[in-house]
Amino acid sequence: MANLISDRPARLQVDPNSIADDDKPPQTGTSFNIWFLKWSGGDSSSKNYVKSKFRLNVKKDSGSTRAPSNSPICLFFARGCCYKGPKCNYQHRLPSSTKHSNIPTQDCFGRDKTADYKDDMDGVGSFNRYNRTLYVGGLNSISNNKIENVLTKHFQEFGSIDKIRVLYDKGCAFISFKTEEEAQFAKEAMQSQSLDDDEILNIRWASEDPNPHAQRQEQRRLEEKALETVKQLLSQVEEKENKRRKVTVEEVEEEYEGEEESVKLISAPPAALPQIGATDPSSSSSSSFFSGNSLAELKSIRRKILLPTPSPVLKESKVELKDMLAYDSDD
Amino acid sequence: MSSVNFKSGEEVDEYPDICERCLGTDRNVKMLKQNNGAECKTCSRPFNVYMWKPSISVKKHSKTIICLTCARARNCCQSCMFDITYGIPLDVRDAALKMAGISNGTPILTATKNKEVKAIMADKLESKFKSQEEEDESSRNQEAARDILTKLSQKLNESSPKFLTSKSDRREHSSANIKDLKNVDISKILSKLPFNGVITPPPADESVTSFFIFGINDDLPQYVINEYIQKFGKVKNLTIVHRAKAGFITFIDRKSAEAFASEINLVGRNKNKATPGILVLDGKYPTRVCWGKPKPLGVTKEEHSKLSLVVTKVLKQLAEKDKKFEKTSRLESSSNSSSSSSNGARKVNERKSQAVGRKAKNEDTKYKTLSTDFEL
Ligand SMILES: [Zn+2]
Ligand SMILES: [Zn+2]
Ligand SMILES: [Zn+2]
């Protein structure tokens with residue numbers, strides 16, 4: 001993956017001066033949003049589906065920007081319409097080639113998720129469910145039996161596809177990716193795009209699969225991940241060192257709405273005051289687990305655990321003909 | 001943990017639950033507190049928002065997005081919602097705890113969508129936490145955490161992951177569907193699929209650059225197949241229908257296709273060259289691969305399900321054929337030391353190619369018997 005990251009500067013996807021006035025869609029809202037090329041506000045229920053004017057070309061458009069390698073990805077890059085190019089403060093790369101550490105409360109573009117999905121399953125998504133699957137609606141010419149291949153071709157550009165399930169009678173498909181970040185990116189990159197014909201895709205988050213087989217599968221995947229995580233956690237315990245940290249809390253009295261500008265104003269005057277309130281993390285409940293005598297105990301657990309665990313690779317390499325025979329008959 | 005109010009100099013009894021990772025790498029963290037500054041994203045009650053910069057170089061402020069009560073109910077960070085003790089996602093943690101036989105007793109506020117109910121539940125939780133505070137909580141927590149890890153490590157030590165959710169009981173799954181599948185006719189689809197194909201020799205028709213792949217396990221991700229086949233050349237088409245356990249791979253040119261075929265042939269999983277080659281992906285997913293042009297795999301759920309049953313049946317038959325072949329070739333080699341198993345394979349292939357015309361007729365009847373087998 002590392003060699004995917006080129007040092008070439010990001011390409012300018014759109015010339016800001018090139019957006020002509022008559023390209024603007026008819027006014028349906030109260031203000032024109034240059035990013036979405038849509039009028040926003042007003043009646044949101046009457047979404048009109050217009051084919052996107054832009055489309056990301058991963059090979060041509062990816063490149064370095066002003067953003068550090070751990071910053072979120074540029075949403076407009078994904079949509080193919082960032083006019084900042086190399087001067088952008090967000091990354092112009094695929095999720096699989098960034099070092100952006102995703103936290104469950106935000107998507108790969110740094111947008112805040114909500115507790116529940118929107119009623120139409122559109123939007124940023126929920127932090128209560130790890131969702132790797134997209135609903136793709138608006139498929140045409142679905143009967144030609146090549147739709148799996150067409151979907152693979154178009155969506156594979158943005159991430160690793162786990163599974164594609166086409167509902168031929170309903171004209172839609174479910175596409176699962178390896179990770180949620182890849183799904184987030186593909187959702188933005190393919191929204192309102194066309195496949196090989198002139199259809200306009202309508203992409204949403206997939207609801208939970210009610211099929212018991214699929215649920216068991218998801219449960220098993222989670223358990224395997226949990227096992228892996230616990231093993232990693234135990235191996236990290238030894239390296240964990242206690243750091244001392246000073247935390248000061250300052251109360252804001254006046255009401256304010258905005259985020260960054262207003263915060264700067266408020267934080268400016270008291271900066272001259274001395275900082276009080278030193279705290280030692282080893283006494284806080286949040287880090288108590290890795291401190292003191294529990295550390296020694298964990299080390300001994302770790303030694304126990306790392307040695308006897310049988311390597312799964314060894315077993316796997318012994319797949320033989322009888323496994324083909326046994327395939328599906330005993331599970 | 002004690003912290004001090006900036007203005008009054010008094011001790012603040014509330015301190016946000018924020019994990020080390022969110023606090024950042026700086027030794028000194030300065031926070032802004034806004035009393036009742038936002039609505040908690042989980043329970044929708046107003047809560048005290050904290051804002052800080054994880055490091056000087058970061059432009060965007062980090063902030064808490066859920067209230068302290070909700071964070072404590074799930075033992076997570078108020079900002080990133082990772083588990084505050086272990087720094088791992090909550091669903092992963094809950095799965096680990098469940099595997100260790102420890103349920104986390106605190107109710108999860110996601111059970112309802114009703115805002116008011118959520119707020120009432122959160123109020124109750126808050127008073128519960130307050131009464132608990134009188135006990136010596138930090139030492140209790142520490143014990144609990146140690147207990148959890150010890151139990152988990154014991155589970156991990158118990159050989160392999162047999163406590164994982166078992167793979168689906170497909171017998172139950174399929175028997176429930178067999179009745180519905182009785183009237184589904186897929187003989188047209190089956191008659192075109194090259195279940196009797198081979199991986200070597202390549203077809204005489206040079207324009208064929210595609211393969212039929214079947215026996216695809218539902219757990220085998222498409223990207224694993226894609227990553228593997230890309231080693232041999234550019235892939236023109238990839239159609240994988242998991243529900244039918246089958247798919248097609250088309251390379252852009254014959255050279256890549258032949259490279260792919262000879263790799264499967266050389267790996268040598270399958271000594272019997274009269275049956276489709278065996279390709280084991282990701283070390284644990286065996287599939288059968290043979291030359292064949294892309295054909296329809298059906299469109300309805302029922303057609304796919306029925307096709308997958310046939311695939312399972314064919315896999316068993318092929319495995320039995322291979323077994324028989326190995327037995328006879330072993331006998332041959334013991335009686336005649338110069339004739340190796342590969343020699344035997346060649347013989348079979350010769351016999352096969354002579355009987356091509358005959359085979360085409362046989363195929364149809366064979367699949368008819370196959371499908372009647374499933375009409376129980
Ligand atoms: Zn950008
Ligand atoms: Zn809350
Ligand atoms: Zn955090």
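Only a predicted model underlies this, so the values are computations on that prediction, with no experimental measurement involved.

1. Details of the coordination of the zinc ion (ligand 2)
Residue and element names in this part refer to chain B.
Working step 1: Note on the zinc ion (ligand 2): its protein donors are Cys 40 (SG), Cys 43 (SG), Cys 67 (SG) and Cys 70 (SG). The metal-donor distances range over 2.3 Å.
Working step 2: Note that the zinc ion (ligand 2) binds 4 donor atoms; their angles at the metal cover 102 to 116 degrees, and the shape is tetrahedral.
Working step 3: Here the donor residues of the zinc ion (ligand 2) are spaced in sequence according to C-x2-C-x23-C-x2-C. With Cys 40 in the loop between strand S3 (28-39) and strand S4 (46-52) and Cys 67 in the loop between strand S5 (62-63) and helix H2 (68-73), this pair connects stretches of sequence that are 27 residues apart. With respect to burial, Cys 40 and Cys 67 carry one shared label: buried.

2. Quick word on the pairing of strand S6 (residues 210-214) of chain B
Residue and element names in this part refer to chain B.
Working step 1: Counting buried residues in S6 gives 5 out of 5 residues, a clear majority hidden from the surface.
Working step 2: Because side chains alternate across S6, one face comprises the buried residues Ser 210, Phe 212 and Phe 214, and the other comprises Phe 211 and Ile 213, equally buried.
Working step 3: Note: S6 against strand S8 (residues 246-251), 5 bridges, orientation antiparallel. What sits directly across from Ile 213, in S8, is Gly 247.
Working step 4: Bridge count between S6 and strand S10 (residues 285-291): 4 bridges; the pairing is antiparallel. Looking at the pairing, Ile 213 lines up with Val 289 of S10.

3. Describing the domain arrangement of chain A
Interfaces are often sized by the accessible area lost when the parts come together.
Residue and element names in this part refer to chain A.
Working step 1: Split into domains, chain A comes out as domain 1 (2-208) and domain 2 (213-253 + 262-330).
Working step 2: The partner domain 2 presents 4 residues to the 4 residues of domain 1 that form the contact.
Working step 3: The junction of domain 1 with domain 2 conceals about 290 Å² of combined surface from both sides, 21% of it contributed by carbon and sulfur atoms.
Working step 4: The three residues of domain 1 that bury the most area against domain 2 are Tyr 130, Arg 132 and Lys 163, which together make up 76% of that side's buried surface.
Working step 5: Where domain 1 touches domain 2, the interface holds 2 salt bridges.
Working step 6: A salt bridge links Arg 221 to Asp 162; the nearest nitrogen and oxygen atoms lie 3.6 Å apart.
Working step 7: Each residue belonging to the side of domain 1 that touches domain 2 can be placed in one class, and the counts come to 1 nonpolar, no polar and 3 charged.

4. So, the coordination of the zinc ion (ligand 3)
Residues and elements named next belong to chain B.
Working step 1: Protein-derived coordination of the zinc ion (ligand 3) comes from Cys 19 (SG), Cys 22 (SG), Cys 77 (SG) and Cys 80 (SG), at a distance range of 2.2 to 2.3 Å.
Working step 2: Geometry at the zinc ion (ligand 3) is tetrahedral, judged from its 4 donor atoms and the angles of 102 to 116 degrees they form at the metal.
Working step 3: Read in sequence order, the donor residues for the zinc ion (ligand 3) give the motif C-x2-C-x54-C-x2-C. Separated by 58 residues along the polypeptide, Cys 22 in helix H1 (residues 20-23) and Cys 80 in the loop between H2 and helix H3 (90-99) bring together distant segments of the chain. For the pair Cys 22 and Cys 80, a shared accessibility class is recorded, and that class is buried.

5. Remarks on the sheet that holds strand S7 (residues 235-241) of chain B
Residue and element names in this part refer to chain B.
Working step 1: Strand order in the open sheet formed by 5 strands is S7-S8-S6-S10-S9, with antiparallel pairing between adjacent strands. The open sheet has two free edges, formed respectively by S7 and strand S9 (277-281), since each of these has just one partner strand. Across the sheet, the mean angle separating the axes of adjacent strands is 25 degrees when strand polarity is ignored.
Working step 2: Sheet strands touched by helix H8 (residues 222-229): S7, S8 and S9. Its angle to S7, the strand with the most contacts, is close to 155 degrees.

6. With respect to the UniProt feature "domain: C3H1-type" (unreviewed entry) in chain A
Working step 1: Taken from the UniProt record, the annotation "domain: C3H1-type" (unreviewed entry) applies to residues 68-95 of chain A.
Working step 2: In residues 68-95 of chain A, the share of helix is 14% and the share of strand is 0%. The end C-alpha atoms are 14 Å apart.

7. Description of unusual backbone geometry
Residues and elements named next belong to chain B.
Working step 1: The omega torsion across Thr 200 and Pro 201 is 0 degrees, close enough to zero to call that bond cis.
Working step 2: Looking at the secondary structure, you find Pro 201 in the loop between helix H7 (187-192) and S6.
Working step 3: At Met 81, a position not held by glycine, the phi torsion is positive, near 65 degrees.
Working step 4: Positionally, Met 81 belongs in the loop between H2 and H3.
Working step 5: Since its relative accessible area comes to 5%, Met 81 is described here as buried.

8. Notes on the nonpolar core
All names here are of chain A.
Working step 1: Among the nonpolar cores identified, the biggest contains 41 residues, and Leu 151, Phe 155, Phe 158, Phe 185 and Leu 195 are the most heavily contacted of them.
Working step 2: Of all elements in the fold, only helix H2 (75-78), strand S3 (133-137), helix H3 (147-155), strand S4 (161-167), strand S5 (172-177), helix H4 (180-190) and strand S6 (202-205) reach the threshold of two or more residues within this core.
Working step 3: Per element, the largest residue contribution to this core is 5 residues, and it comes from H4.
Working step 4: Excluding residues that lie within four positions of it along the chain, Phe 158 makes contacts with Leu 56, Val 58, Leu 94, Glu 182, Phe 185, Ala 186, Ala 189 and Met 190.

9. Let's talk about the side chain of Lys 33 of chain B
Working step 1: The residue Lys 33 of chain B is located in strand S3 in this model.
Working step 2: Polar contacts involving the side chain of Lys 33 of chain B include one to the side chain of Asn 35 of chain B, which spans 3.5 Å.

10. Structural notes on the sheet that holds S5 of chain A
Residues and elements named next belong to chain A.
Working step 1: With antiparallel pairing, the 4 strands of this open sheet are ordered in space as S4-S5-S3-S6. Bordering the open sheet on either side are S4 and S6, each of which pairs with just one other strand. Here the strands of the sheet are splayed against their neighbours by 20 degrees on average, with no regard to which way each runs.
Working step 2: Bridge count for S3 against S5 is 4 bridges, and the pairing is antiparallel. Directly across from Tyr 135, in S5, lies its bridge partner Phe 174.

11. Things to note about the pairing of S10 of chain B
Residue and element names in this part refer to chain B.
Working step 1: In terms of burial, S10 is largely enclosed, as 7 of its 7 residues are buried.
Working step 2: Pairing analysis gives 5 bridges linking S9 to S10, with the strands arranged antiparallel. Considered in S10, the bridge of Ile 278 is made with Arg 288.

12. Digging into the pattern of salt bridges
Residue and element names in this part refer to chain A.
Working step 1: As enumerated under the stated definition, the model contains 25 salt bridges over all chains in all.
Working step 2: With its nearest N and O atoms 3.3 Å apart, the salt bridge here joins Arg 132 to Glu 218. You can see Arg 132 sitting in the loop between H2 and S3 and its partner Glu 218 sitting in helix H5 (residues 212-236), a full 86 residues away along the chain.
Working step 3: Given the relative accessible area of 6%, Arg 132 is considered buried.

Each value, and the rule that gives it
Residues numbered from 1 in each chain as written. Chains lettered and ligands numbered in written order. Predicted model: local features only at pLDDT ≥ 70, side-chain atom pairs only at ≥ 80, totals over all residues. Heavy atoms only, no water. Donors = N, O, S within 2.8 Å, 3.2 Å for Na, K, Ca; no water. Tetrahedral: all angles 85-135°; square planar, octahedral: opposite > 155°, others 65-115°. Helix = DSSP H or I, 4+ residues; strand = E, 2+ residues; numbered from the N terminus. Buried < 20%, exposed > 50% of the residue type's maximum accessible area, 1.4 Å probe, protein only. Pairing = 2+ DSSP bridges. Domains from an automatic or database assignment. Contact = heavy atoms within 4.5 Å. Buried area = accessible area lost by both parts, 1.4 Å probe. Salt bridge = Lys/Arg side-chain N within 4 Å of Asp/Glu carboxyl O. Nonpolar A, V, L, I, M, F, W, Y, C, P; charged D, E, K, R; others polar. Axes fitted to C-alpha atoms, helices over the stretch in contact; angles between N-to-C directions. UniProt positions renumbered as here; feature names shortened; annotations may be inferred. Core = buried A, V, L, I, M, F, W, Y, C linked by side-chain atoms within 4.5 Å. Polar contact = N/O pair within 3.5 Å; in protein donor to acceptor, adjacent residues only side chain to side chain.

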